[in-house]
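Architecture and fold: a report
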Amino acid sequence: MKKTLLALFAVAAMTGSASAADLAARPYVKAPMPAPVANWTGFYVFGGGGGGLSNADQSVVDTGTGTPLTITQRQGGSGWFGTVGAGYDWQFNGTWVAGVFADGQFGSIRATIQDPTLGITGNQKLETSWAAGVRLGWLVAPNVLSYVNGGYSGAHFGQTNFTTLGGTPVGVHLNSYDRHGWFIGGGVENSLNIFGITSPGWFMKTEYRSAFYDTKTQDQISDATGLPTGVNSIRANSWNQTISTSLVYRFNWTGPVVAKY
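Position labels on residues start from 1 in each chain and follow its written sequence. Local features in this predicted model are restricted to residues whose pLDDT is 70 or higher, and side-chain atom pairs enter the listing and the counts only when it is 80 or higher, whereas totals over whole chains, interfaces and linings include all residues. Hydrogens are left out, water is left out, and the side-chain values use all remaining heavy atoms of the structure.

A few words on a nonpolar patch on the surface. A cluster of nonpolar side chains, namely Phe92, Trp96, Leu136, Trp138, Val140 and Val148, defines an oily patch on the protein surface of about 560 Å² accessible area. Considering every element that reaches the nonpolar patch, the biggest residue donor is strand E4 (residues 120–141), with three residues. Each helix is a run of DSSP H or I of at least 4 residues and each strand a run of E of at least 2, with the numbering of both proceeding from the N terminus. Secondary-structure assignment places Phe92 in strand E2 (residues 73–92). Patch members must show over 30% relative accessible area and no salt bridge, and they are joined within 9 Å when carrying like charges or within 5 Å when they are nonpolar side chains of Val, Leu, Ile, Met, Phe, Trp or Tyr. Working definition of accessibility: Shrake-Rupley area with a 1.4 Å probe, residue cover restricted to the visible protein chains. We define a salt bridge as a contact between a side-chain nitrogen of Lys or Arg and a carboxyl oxygen of Asp or Glu at a distance within 4 Å.

Below is the structure:
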């Protein structure tokens, strides 16, 4: 009986020692690292270009009385432009980004202007414009921002020179003018750290924008005298749609930040 008890104690002791050895031999496993989080807060500048469409709802009215002489019809055109700008973003709640920005555009986006009562036509050119607004975005990924924007806009339209339908000048024009309105748009901005290329701080954004400018009535002006002809005036608004791609540089960008322990 004593021999049996001694044998059982020996087996138990050996089992306990083996278990302790197994526990001691297990390697230390570090806690998993949190997912990387990028910091979008800070200043940025950008420049690029694109193409646009211009539409105008227009009619001809009597200069003296303002009586409509034609129905309102939509005329359109297209063109190109360049853009430069700057802004500041704030990142909050982890994946949301809000910011303010301002930019300017320059180029040649044309829309047709016509007076069917006189059989004349011309091109109205959007030469320069500017915008100031806000944007709100959501981080699809740490380095990719999807956003919407909106705000106030101004535009300068160049002189419109009228010709016959065959292209012969008729000595009548519309003066250049400035208009103000509002815009709304949206786009995607992403880091250029792709395909194994490292470019800290450099981003690319592609944006769609619609800008709306109020109706303006303009007298037809004689090229010879610089005075209104006193016959007809053109009443038109302007709606411009653009798509642009810009290169962006963020001054504070350090890439995804990983918490340290």
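Moving on, there is more to tell.
Mapped onto the fold, Ser191 is located in strand E8 (residues 177–191). Polar contacts here mean pairs of N or O atoms no more than 3.5 Å apart (in protein, one a potential hydrogen donor and the other a potential acceptor; neighbouring residues in sequence count only if both atoms are side-chain atoms). Among the polar contacts made by the side chain of Ser191, one reaches the main-chain amide nitrogen of Asn193 at a distance of 3.1 Å. The contact criterion used throughout is that any non-hydrogen atoms of two residues lie within 4.5 Å. Those residues in contact with Ser191 that sit more than four places away from it in its chain are Asn143, Trp202 and Phe203.

So, on to the packing of aromatic side chains. Two aromatic rings from Phe, Tyr or Trp, using only the six-membered ring of Trp, form a pair when their centres are within 6.5 Å; if the ring planes differ by under 30 degrees the pair is stacked, by over 60 it is edge-to-face, and anything between is tilted. Tallied over the full model, the rule gives 12 aromatic pairs. Taking 4.5 Å as the distance between ring centres and 70° as the angle between the ring planes, the aromatic pair formed by Phe43 and Tyr88 counts as edge-to-face. Here the residue Phe43 occupies a position in strand E1 (residues 42–62), and Tyr88 occupies one in strand E2, the gap between them amounting to 45 residues. Seen in terms of ring centroids, Trp202 and Tyr249 are 4.9 Å apart; in terms of plane orientation they differ by 55°. Their pairing is tilted. With Trp202 in strand E9 (residues 202–222) and Tyr249 in strand E10 (residues 228–250), this pair connects stretches of sequence that are 47 residues apart. For the exposure calls, accessible area comes from a 1.4 Å probe over protein chains only, and a residue counts as buried if that area is under 20% of its type's maximum, exposed if over 50%, partly exposed in between. Take Trp202: its relative accessible area is 36%, and that puts it in the partly exposed class. Through a chain of ring-to-ring contacts, three or more aromatic side chains come together here, namely Phe43, Tyr88 and Trp90.

Before going further, it helps to examine the pattern of salt bridges. Within this structure, the stated rule accounts for eight salt bridges. The salt bridge involving Asp57 is made with Arg74; its shortest N-O contact spans 2.8 Å. Taken as a pair, Asp57 in strand E1 and Arg74 in strand E2 lie far apart in primary sequence, 17 residues in all. For Asp57, a relative accessible area of 22% corresponds to the partly exposed category. For Arg74, a relative accessible area of 48% gives the class partly exposed. With its nearest N and O atoms 2.7 Å apart, the salt bridge here joins Glu207 to Arg209. Arg209 matches Glu207 in its accessibility class, with the two residues each being buried.

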